[in-house]
Structures are given as C-alpha cells and as structure tokens.
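Letter by letter, the chains look like this.
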Amino acid sequence: MIVATAGHVDHGKTSLVKNLTGVDTDRLAEEKRRGLSISLGYAYWRPDDETVVGFIDVPGHRRFINNMISGISGIDVGMLVVAADDGPMPQTLEHLQVLELLGIDHYLLVISKCDRVDEQRLEQVRSEAAALLPGNTPVYTVSNTTEAGISDLRAELERMARNWTARTTTDNFRMSVDRTFHLQGQGLILTGTIASGVVENGDSVVIQPHKKALRVRSIHTQDRPATRGRAGERCALNVSGNVHKEEIERGDWVADEDCIDTSSRFD
C-alpha cells in the first residue's frame, strides 16, 4: 500500500512520516536549512515480513506543486494533514483538488499539532477538515512533538495495509518517473510508483516522450532487490540504453514497448 502526504506547508507532514517510520525524508541540505520540503521524500514501514507501507512525502509550498503532482501518481491512499492551530489553508485545498482529479478514493485525515490548541479549537478544525473529505474518512489527531496519537494512526495504517487488495497486473507496464540518478558501479536508476502491469529483469521498455528503448538490468521494489515489480509498488529500475540522465525529467514515463506513443490529443 502506497500512502502520499498532502497538505499546506509547515503542517507537519515530514515530521509525521518520520514518527511513523523513523526515516527523515528531507534529504537535501537546503530542505534542512529552510525547514521545508522541496523535493519528494520516500520511506517504508514493514509491520511484518508480508506487509509493506510505502510513504511519499510531498512538499506543501505552492511553488513546488509540480513536485507534489508527480509524486502522487499511482498512490493508493491520500493522507491529508491539517495543523490544529492553522486549520485548512490554501495548499490544503489545492492538494485535495489534485488528489480528486487523479481519482484517489481512499483518504486518511490527520489533525497535527494537537498539543498547541485547546479541545474546542481541535474540534472546530476536525469538523472543518472532515467536511472536505468523504464522510467515511478516518480521522486521527496527533502531535509530532509528544507523539500523542501516533500509535493509533500506525495501527490504522497497519490494518488498512493488511486488508489492501493488490492491483490487477493485466495491463501494460507503465511507471511515472519521479527520480533519476546514477549509482556507482550500477549505472542509471529510474524510480517511481508502477501505475499498471508488471516489469521483470531483462525486459525491454521505452522512456516516453523520448521514444528511446531501454533494457531493465535489475529491479528494487519497496526498497529491496526483486526480480519483478508490479502495479501499486514503489520501484527502482536499473536501466541501460542510449539515454542520458539529463534528458529524463520528473514526470516522464517508462512503459512497455506495446504501449501507444505519447500524444498531444485525445478523442
């Protein structure tokens, strides 16, 4: 199960993921200096050997909305985070609109910074934020400082992950690229969330819209070595071919050779 954060800047999304997983998803020096997320962050939590919850932490600042959009392609659950002191803010609404446009059906609402307000204010924000989401959305109040409510939220995520139905893999393989880098001794790595189908070691794929052929040399899924990746999993592909890292942009797609070409029109 893949969960993406959503919400306004400085509402505690990155701190929440760190409390849930132990991973600080802010890797860049500028992110640490400025105290806000700029790029996408990734973390994994394994309640047991059979269950994996992947987290994509998105930036909340309006200047980085494109980064947020590219990071939530193919996710299962949108975790909307609203600070109890601020309440719903502009990027709260903007992120929610993006999730709705991408067809996300499953949500969690987390009211953060609950230790900063009284019960009356907490109830007010809970009511305002819940009104933005489907009526059956689970609501949790947490404090990233005191860790109040974190264990309850973690238990809910574990329950959802254990009952999650794997996506069908009958469609052609497609994966939106959200990160590209070179790994010493391995070569070019493309990461993303697989939107459909299956990819296996040795497969021939195409990077779109460049229309260049690549061969899959090795695969990591959910941060572990694998021989195949399937729809709904976070995946890192070690690829070879006549393409340079600088040519590939966030939002490009790796796809099966049988997928149709990109187009600027649709009928």
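Since this is a predicted model, take the numbers as computed values, not measurements.

Draft legend 1. View of the overall build of the protein. When you go through the protein residue by residue, the secondary structure sums to 6 helices and 15 strands. At 19 Å, the protein has a C-alpha radius of gyration in line with the 18 Å of a compact globule built from 267 residues. The burial tally for the protein puts 50% of its 267 residues in the buried class. Across the protein, the fraction of contacts at a sequence separation of at least 24, relative to all contacts at a separation of at least 6, is 69%. For the protein, the computed accessible surface area is about 13,100 Å², with 44% contributed by carbon and sulfur atoms.

Draft legend 2. The arrangement of the pattern of salt bridges in detail. Applying the stated criterion across every chain, the model contains 10 salt bridges. Between Arg 167 and Asp 76 there is a salt bridge; the shortest N-O distance is 3.0 Å. Of this pair, Arg 167 sits in the loop between α6 (150-162) and β7 (174-183) while Asp 76 sits in the loop between α3 (65-71) and β4 (77-83); the two residues are 91 residues apart in sequence, bridging distant segments of the chain. Arg 167 sits in the partly exposed class, given a relative accessible area of 25%. Taking the shortest distance from any N to any O, the salt bridge between Arg 126 and Glu 123 comes out at 2.3 Å.

Draft legend 3. Here's a closer look at the sheet that holds strand β2 (residues 41-48). Spatially, β2-β3-β1-β4-β5-β6 is the arrangement adopted by the 6 strands of the open sheet, whose pairing is mixed. Where the open sheet ends on each side, the last strands, each with one partner, are β2 and β6 (139-141). Strand after strand, the sheet turns through a mean of 25° between neighbouring axes, direction not considered. Pairing analysis gives 3 bridges linking strand β1 (residues 2-6) to strand β3 (residues 51-57), with the strands arranged parallel. Each residue of the ladder has a partner; that of Ala 4, found in β3, is Ile 56.

Draft legend 4. Up close: helix α4 (residues 90-101). Along its 12 residues, α4 runs 17 Å from first to last C-alpha, staying within 8% of the 16 Å computed at 1.5 Å per residue. Turning to α4, its buried residues number three or more, namely Gln 91, Thr 92, His 95, Leu 96, Val 98 and Leu 99. The buried side chains of α4 occupy one side of the element, clustering within an arc of 155° when seen end-on. Close packing links the buried residues of α4 with β1, α3, β4 and β5 (106-112). Downstream of α4 by one or two residues, Gly 103 has phi in the positive range, about 80°.

Draft legend 5. Quick look at the pairing of strand β14 (residues 234-241). Burial runs high along β14: 6 of the 8 residues are buried. The pairing of strand β11 (residues 212-221) with β14 spans 7 bridges and is classified as antiparallel. Bridge pairing in β14 places Arg 215 opposite Ser 240.

Draft legend 6. Molecular detail of the environment of Thr 5. Mapped onto the fold, Thr 5 is located in strand β1. The class for Thr 5 is buried, based on a relative accessible area of 1%. Every residue in contact with Thr 5, bar those within four places of it in the chain, is listed here: Lys 13, Val 17, Ile 56, Asp 57, Val 58 and Met 79. For Thr 5, the side chain forms a polar contact with the side chain of Asp 57, separated by 2.9 Å.

Basis of the calculations
- For every chain, the first residue of the written sequence is number 1, and numbering continues from 1 onward in sequence order.
- Whole-chain, interface and lining totals are the exception, using all residues; otherwise, since this is a predicted model, local features are given only for residues with pLDDT of at least 70 and side-chain atom pairs are given and counted only at 80 or more.
- Excluding hydrogens and water, the side-chain values take into account all heavy atoms of the structure.
- Secondary structure counts use DSSP, requiring at least four H or I residues in a row for a helix and at least two E residues in a row for a strand, with both numbered from the N terminus.
- Radius of gyration: C-alpha atoms only; globule rule: 2.2 Å multiplied by the number of residues to the exponent 0.38.
- Exposed residues in this analysis have more than 50% of their type's maximum accessible area, buried residues have under 20%, and partly exposed residues fall in between, with area computed by a 1.4 Å probe over protein chains only.
- We call two residues contacting when some pair of their heavy atoms lies within 4.5 Å.
- Here the accessible surface of atoms and residues is derived via Shrake-Rupley with a 1.4 Å probe, and residues count as covered only by protein chains that are part of the display.
- Salt bridge, as used here: a side-chain nitrogen of Lys or Arg that lies within 4 Å of a carboxyl oxygen of Asp or Glu.
- For two strands to pair, DSSP has to find at least two bridges joining them.
- An axis is simply a line fitted to the C-alpha atoms; with a helix, the fit covers only the stretch in contact. Between two such axes, the angle follows the N-to-C directions and lies from 0 to 180 degrees.
- Here the expected length of a helix is defined as 1.5 Å per residue gap, with one fewer gap than residues.
- The reported arc concerns the directions from the helix axis to the C-beta atoms and nothing else.
- A 3.5 Å cut-off defines polar contacts: any pair of N or O atoms within that distance qualifies, except that in protein one atom must be a possible hydrogen donor and the other a possible acceptor, and neighbouring residues in sequence count only when both atoms are side-chain atoms.

Nothing here speaks to function; it is geometry throughout.
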